[in-house]
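# Structural overview for review
Read off the chains here:
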Amino acid sequence: HIVPKYILENENFIPASGVVKDIETFDPNFWNLSHNDAMLLDPQIRKLLEHAWFALEDSGYIKERKEIVIGTFAGMNDSSYQYTRIRNNQDLSGLASDWEVQYLNSKDSLATRLSYLLGLKG
């Protein structure tokens, strides 16, 4: 992205951003997601899925997760991924409607989607 000159000249502007590493290693087949859905899913949500799985593995509950009550709590701001990365990319913008992309990256269904994809019942 090009940062407007007035922002660059602001003494309070800090030219830094976060980068999600190794996002290309996300395996949509493992999560039973289509390749298109995975491409449209905010990388931060993809990482949340992976790390939730790792947490269950490390806790020793990965095999028992469908027999016991485990709940999820997750929060995020509205995802700007669809505005900053998808709409400006011809390869991605044609994969789904704006509504589908917004739903896929919705903060309001984050914990529910996480529970569903992990097979949790809590």
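Cut-offs used in this document
Positions within a chain are numbered from 1, following the residues in the order the chain's sequence is written. Note on the predicted model: pLDDT of at least 70 is required for a residue's local features to be given, and 80 or more for side-chain atom pairs to be given and counted; whole-chain, interface and lining totals, by contrast, use all residues. Hydrogens and water are ignored here; the side-chain numbers use all heavy atoms of the structure. Runs of H or I in DSSP of at least four residues are treated as helices and runs of E of at least two as strands, each being numbered from the N terminus. In this description the radius of gyration comes from C-alpha coordinates, and the expected globular size is given by 2.2 Å times residues to the power 0.38. Exposure is judged per residue with a 1.4 Å probe applied to protein chains only, and the accessible area is read against the type maximum: over 50% gives exposed, under 20% gives buried, and values in between give partly exposed. In what follows, residue pairs with any heavy atoms lying within 4.5 Å of each other are defined as contacts. The Shrake-Rupley method, run with a 1.4 Å probe, gives the accessible areas here. Residue values count only the displayed protein chains as cover. Charged residues are defined here as Lys and Arg on the positive side and Asp and Glu on the negative side; His and the ends of the chain fall outside this count. Every charge is mapped to an atom, namely NZ of Lys, CZ of Arg, CG of Asp or CD of Glu. In these notes, a set of buried Ala, Val, Leu, Ile, Met, Phe, Trp, Tyr and Cys residues joined through side-chain atoms within 4.5 Å is what counts as a nonpolar core. Here pLDDT means the predictor's own confidence in every residue, given as a number from 0 to 100. Lines fitted to the C-alpha atoms define the axes, with helices restricted to the stretch that makes contact. Angles between their N-to-C directions range from 0 to 180 degrees. Note on angle classes: values under 35 degrees are labelled roughly parallel, values over 145 roughly antiparallel, values of 65 to 115 roughly perpendicular, and the remainder oblique. Two helices crossing with the near one rotated counterclockwise from the far one by less than a right angle form a left-handed crossing, whereas a clockwise rotation gives a right-handed crossing. Classes in brief: Ala, Val, Leu, Ile, Met, Phe, Trp, Tyr, Cys and Pro nonpolar; Asp, Glu, Lys and Arg charged; the others, Gly included, polar. Two aromatic rings from Phe, Tyr or Trp, using only the six-membered ring of Trp, form a pair when their centres are within 6.5 Å; if the ring planes differ by under 30 degrees the pair is stacked, by over 60 it is edge-to-face, and anything between is tilted.

### Observations regarding the overall build of the protein chain
Counting secondary structure elements, the protein chain contains seven helices and zero strands. From first element to last, N terminus to C terminus, the protein chain shows the α and β order α-α-α-α-α-α-α. Scaling as 2.2 N^0.38, a compact globule of 122 residues should have a C-alpha radius of gyration of about 14 Å, whereas the protein chain reaches 17 Å, well beyond that. For the protein chain, the spread of C-alpha atoms along the principal axes amounts to about 55 × 35 × 25 Å. Taken over 122 residues, the protein chain has a buried fraction of 33%. When contacts within the protein chain are restricted to residue pairs at least 6 apart in sequence, long-range pairs at least 24 apart make up 65% of them. Total accessible area on the protein chain is roughly 8,900 Å²; 51% of this is exposed by carbon and sulfur atoms. In the protein chain, 12 positive and 17 negative side-chain charges are present, and the distance between their average locations comes to 2 Å.

### So, the nonpolar core
Trp31, Leu40, Leu49 and Leu118 are the most contacted members of the largest nonpolar core, which has 24 residues in total. For this core, the secondary-structure elements that each account for two or more residues are helix H2 (35–40), helix H3 (43–59), helix H4 (81–86), helix H6 (98–104) and helix H7 (110–118). Counting residues per element, this core draws most heavily on H3, which supplies five residues. Not counting chain neighbours up to four residues away, the residues in contact with Leu118 comprise Trp31, Ala52, Trp53, Leu56 and Arg65.

### Details of the confidence of the model for the protein chain
Counting all residues, the mean pLDDT for the protein chain is 87, and 99% of those residues have values of 70 or more. Averaged over each element, pLDDT in the protein chain is lowest for helix H5 (residues 90–93) (80) and highest for H3 (93).

### Some points on the packing of H3 against H7
A pair of packed helices can be characterised by two numbers: the angle between their axes and the separation between those axes. Contact geometry for H3 and H7: axes closest at 11 Å, N-to-C directions at 50°. Between H3 and H7, the angle is such that the two are oblique. H7 is crossed by H3, and the crossing has right-handed handedness. The residues of H7 that touch H3, namely those facing Ile45, Leu48, Leu49, Ala52, Trp53 and Leu56, are Leu110, Leu114, Leu117 and Leu118. Residue composition of the contact of H3 with H7, grouped by class: 10 nonpolar, no polar and no charged.

### Focus on the side chain of Lys47
Take Lys47: it is sitting in helix H3. On the basis of relative accessibility, which here comes to 18%, the residue Lys47 falls in the buried class. Dropping the residues within four chain positions of it, Lys47 is found in contact with Val20, Lys21, Asp22 and Ile23.

### Remarks on the packing of aromatic side chains
Any two aromatic rings considered together are summarised by their centre-to-centre distance and by the angle between their planes. Counted under the stated rule, the structure contains four aromatic pairs. Their ring planes at 80° and their centres at 5.2 Å tell us that Phe30 and Trp31 sit as a pair that is edge-to-face. On the basis of relative accessibility, which here comes to 5%, the residue Trp31 falls in the buried class. For the ring pair Trp31 and Trp53, a centre distance of 6.2 Å and an interplane angle of 85° mean the geometry is edge-to-face. Taken together, the residues span a long stretch of sequence, with Trp31 in the loop between helix H1 (5–8) and H2 and Trp53 in helix H3 at a distance of 22 residues. Neither Trp31 nor Trp53 differs from the other in exposure class; each is buried.

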